[in-house]
Structure formats: C-alpha cells, structure tokens
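Breakdown of the fold
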Amino acid sequence: MDAESFRKHGHELVDWMADYFTEVENYPVMPQVKPGDILKQLPKSAPQSAEGFDDIFKDFKDIIMPGMTHWESPNFMAYFPANKSKASVLAEMLMSTLGAQCMVWLTSPAAAELEEQMMEWLREMIGLSENFTGVIQDTASTATLSALITARERATKYQINEKGFKNERFVVYASKEIHSSIDKAVKIAGFGIEQLRKIEVDEHFALKPEVLKEQIQADIKLGLQPLAVVSAIGTTSTTAIDPIAAIGAICEQYNLWHHVDAAYAGTALVLPEMRWMAEGVESADSFVFNPHKWMFTNFDCTAYFVKDPSTLVNTFAIMPDYLKTSVDDEVKNYRDWGIPLGRRFRALKLWFVIREMGVEGIQEKIRKHIALGKWLAEQVNEHKDFELLAPVPLNTVCFRYKSASAKKLADINKEIMNSVNATGKLFFTQTSINGVFTLRLAFGNTNLEAYHVENAWNLIQEKAVEVMEKYA
Ligand SMILES: *Cc1c(COP(=O)(O)O)cnc(C)c1O
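Criteria and thresholds
- Residues numbered from 1 in each chain as written.
- Predicted model: local features only at pLDDT ≥ 70, side-chain atom pairs only at ≥ 80, totals over all residues.
- Heavy atoms only, no water.
- UniProt positions renumbered as here; feature names shortened; annotations may be inferred.
- Phe/Tyr/Trp six-rings, centres within 6.5 Å; stacked < 30°, edge-to-face > 60°.
- Buried < 20%, exposed > 50% of the residue type's maximum accessible area, 1.4 Å probe, protein only.
- Lys NZ or Arg CZ within 6 Å of the ring centre and 35° of its normal.
- Core = buried A, V, L, I, M, F, W, Y, C linked by side-chain atoms within 4.5 Å.
- Helix = DSSP H or I, 4+ residues; strand = E, 2+ residues; numbered from the N terminus.
- 1 Å grid on protein atoms, 1.4 Å probe; cavity = no way out; pocket = protein on both sides within 12 Å on 5 of 7 lines; lining within 4 Å.
- Points joined across faces, edges and corners; volume = space filled by probe spheres on them.
- Nonpolar A, V, L, I, M, F, W, Y, C, P; charged D, E, K, R; others polar.
- Contact = heavy atoms within 4.5 Å.

The name an unreviewed UniProt entry gives the protein chain is Aromatic-L-amino-acid decarboxylase, with Roseivirga pacifica as the organism. Regarding the protein chain, the relevant UniProt record gives this comment under Sequence similarities (unreviewed entry): "Belongs to the group II decarboxylase family." Under the UniProt heading Cofactor (unreviewed entry), the note attached to the protein chain is "pyridoxal 5'-phosphate".

Here you go:
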C-alpha cells in the first residue's frame, strides 16, 4: 500500500469509526448469530495473491460486524466495561503507526519517560503516596502473577529463580470472592492450587480478617509457609471491598506480601469521596488497577504499583549481551519490571486520555456512573417484586425478581435475562451469590446517560411481567 492509498483508506476508516461511535447505541448489543456462522464465511486458506483494500473493508463490514458484541454501546451493561474514549483510539492509531517496541529506554526514550510520568500522574490521581512506583502492564492477570512471583523471590532471597523449588510449600490467601486470575497466578507461580486458601466473607462479601488470621496460624502449625494475601477493592461478582487496613496489619505481623487487586474499582479512587475503599493501602506491597476497564483508555492498559521496585527488578531482570546499553545505570528499563520483554507504547494512550478529559472530566463521569448504580439500587429496593442481593458501593447492581415460588426463581430470572438480551436493546450477564441466580448490571460505559439505565430497568420489568404470565 503506498502512502496515497493509505491516506485515502485511512480517511475512509476514520469516517466509519466516527459514524460507529454515534450510531453504536442503535445496534443490537449482542450479535444475532449462531456458533459457526462467521467461520463458514471465511476462506479455508490464505489468499495466494493480493486483494484490494476495498474488498477487505467490505468483508469487514459484511462478515465481521454482524458477529460483533458492541462493548462500545451504552446499552452494554454486562461483565465489567472495557470502556474507552475517542482520544485513546486516536492515540492507539499513533502507537501502531510508530510501532515502537518499548522494552528498554534506548528503544524509545520518550516512551520510557512518558510512562514514568504517566504512572506518577495516575498515582497522584488515585491518592497513592510517593512510596509507590508504577509501571504499565498488559493486564491485571499479568500484574498479579508478577506480584506472586516477586513475593516468592523476596521470601527466598531470590533463590527459587536460581535453584528452583526445594521443599517450599507456600500458601496464598484471598477471599472466596476473588477473581479467577489469582487462581491462575497461584498455579503458574508453582505453588499448587491446593495452597490457595479462599477465606470466608461477611454479609458484605468482604474477607473476614479474623478467619484469615486463624487460617495463617493453622498453616504455620502444619509446617507450611504463608507467603502472600491478595485482597480486593471491588470483587468481580458484587464489587465487594475487603478491609485493606486490617488485612495489611496481618500481613505485617506475619511478614506476608500484600497485593491489592483493584482491577475494576481502582478508577473510582479518583474521587476523594471514594478513597475510604483504599484506607490502609499504604502498607500494601503492590496494587493493581485497569485504566482499560473504567478509565476511558482502550484495552490494554494496566497500572501496577509497587512499594519497592528493586524486588521487581531483582526478580525479573535479564541482561543478555544483545540488550545491554551504555545508559543502563541511569534509566528505567521497564522490560525488567515484568514478564514480557516486548512492550507497547501504552503510556501514549494515558497521556491523551488524561489531558483530553482532564482529571475533572474523568471524575465527573465516574461520579455519574456511581450515581446511576445508586439510582437503580433504589428502584429495585422500592419495587415489591424485586430485591437487591448485594450492597451497591459502586456502579454494579446485583438483584433478582422474587415474586414467585422460591423453587422457580432461578429459572424465571434466567428467562428474564435471556429474553431481555434477545431484544438486542440491552446486554447484561448473571452472577451467582451464595448459589442464588443473580441479575447483574454494571454501569461504566463512556457515553452512559440516565435514560439508558431507565430504559434498561423498564425493559427488565416488562420482560418480568411477560415471563410471569407464562409461568402463571
Ligand atoms: C477484570 C478483573 C481482573 C482481570 O483483569 P485482566 O486485566 O483482564 O487480567 C482481575 N481482578 C478483578 C477484580 C477484575 O475485575
């Protein structure tokens, strides 16, 4: 493709993208396709000769688009959002145009230094002290894995990296509500999933510190080695908030690594009125949150903060001859701050997003999302046929239809959800709370307005009536 064709197609694509942003709200949120529908339209083998860009773009529109779930739609209220902003999309275009591999300072000095400064901006924005230093990672899963491996190495004076495991039996602790990425990290770090203790939670679905302490003592008695606690600010199911300060005190007492997983809810710490969630975080060893979930920065971009970067570097540093540079003593080489060697220039997205929205612009949207969560919680509370199933500290609401025989409630609620989602006007998902089938809506889309939430609530009530007529 020559420069002039690139310019022409680039303009076409940007026009298409701008239209998409304005029209996406009217698309069915979930595609109306069956398994295999897309696959059968794709050629079995790669084309031998070049194809025209117009044909490629046409197939994108005709084959791919009908099979897309629209995460960008304000009617997408499933899982957690992966929101974005137009500024982050434009930054992503520049990033891929430059195509820089930002593994060490020398491979793009501006990327390394912008990353350093962006992590300082973020640190200050969410109210972490100067005792923390940040680095960008691809996902929270990778950051949590890094935390557990670093904990392992700090505890063994970096000997497992050197010699491998001897007979260490490390134990990791987290609440029953913790994200599955912790299970995965425990497996990959070599501890064995049997050594992950899932601690009981209270009526707010937050870890019970006294049970944590008893479990640690029991494990010590058995000759095991308690290593780390992963606490959550905003669990995935109900956005429960673990008591960070109490957990931190236990970690200090037993010399355990304390990693705080705030993947989703961390963004809400931009609001001074939400900082209570992180009270005690100053004693943690590491903290992770995802600007790619709720901070208007398109996937992927994870902010990982550590108290002592030397533990990270001592764990992950590599120094093959072909990567040595003459400035290694003066700069941060982020390849040594995590698992992958190659690194994308993600700091550019943060720079664009934070400047284009301003901290106040970000705060305003987060406040709105939290207010919408509270609004729906109130509607559910006041409705005689619905009930809340978990507290709503943020913008995720867990509830169910309840006016029927207890036996059928799971089926009825599932049918309400499926029939709402089948309209294409809304997409949300379920969770299970103490074994109870739960409707769960999360409000984090960049362009979410009150009327989207009102429409969602009306639609759910309408479908509930329809489903009940069937069951009556
Ligand atoms: C989404 C989520 C994760 C995983 O995030 P990735 O960036 O996709 O790895 C971890 N913990 C919590 C609480 C989450 O909500």
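**Focus on the packing of aromatic side chains**
On inspection of all chains with the given rule, the structure shows 22 aromatic pairs. Each ring, one from Tyr 334 and one from Trp 337, has its centre 5.3 Å from the other, and the planes form 70°; the classification is edge-to-face. The same class applies to Tyr 334 as to Trp 337, namely buried. Each residue in the set Trp 16, Tyr 20, Phe 21, Tyr 27, Phe 57 and Phe 60 is aromatic and connected to the rest through ring pairs, giving one cluster. Against the face of Phe 21 rests Lys 86, its NZ or CZ located 5.2 Å from the ring centre. If you follow Arg 355 out to its NZ or CZ, it ends over the ring of Trp 351, 4.8 Å from the centre.

**Description of the nonpolar core**
The biggest cluster of nonpolar side chains holds 50 residues, and the ones touching the most others in it are Leu 122, Ile 233, Phe 287, Phe 289, Phe 305, Ile 362 and Ile 366. Within the residue set of this core, elements represented by two or more residues are helix 3 (86–98), helix 4 (109–125), strand 6 (286–289), strand 7 (302–306) and helix 12 (347–382).

**With respect to the layout of surface pockets**
Any empty space left between the atoms is revealed when a probe the size of a water molecule rolls over them. In this model, the largest pocket occupies a volume close to 960 Å³. Lining the largest pocket are 32 residues, and of these Thr 69, Trp 71, Glu 72, Ala 82 and Lys 84 sit closest to its centre. Among the elements of the structure, helix 1 (3–23), helix 2 (53–64), helix 3, helix 10 (291–294) and strand 10 (429–433) are those that each provide at least two residues to the lining of the largest pocket. With five residues, the single largest contributor to the lining of the largest pocket is helix 1. By residue class, the composition of the lining of the largest pocket is 16 nonpolar, ten polar and six charged. Quantified by volume, the second largest pocket comes out at close to 340 Å³. If you go around the second largest pocket, you meet 14 residues; those closest to its centre are Phe 6, Gly 10, Val 14, Met 93 and Thr 97.

**Structural notes on the UniProt feature "modified residue: N6-(pyridoxal phosphate)lysine" (unreviewed entry) in the protein chain**
Per the UniProt record, "modified residue: N6-(pyridoxal phosphate)lysine" (unreviewed entry) is annotated on Lys 293. Among the secondary structure elements, Lys 293 is positioned in helix 10. Residue classification places Lys 293 among the buried positions, given a relative accessible area of 18%. In contact with Lys 293, not counting residues within four places along its chain, are Phe 80, Pro 81, Ala 82, Asn 83, Ala 263 and Tyr 264.

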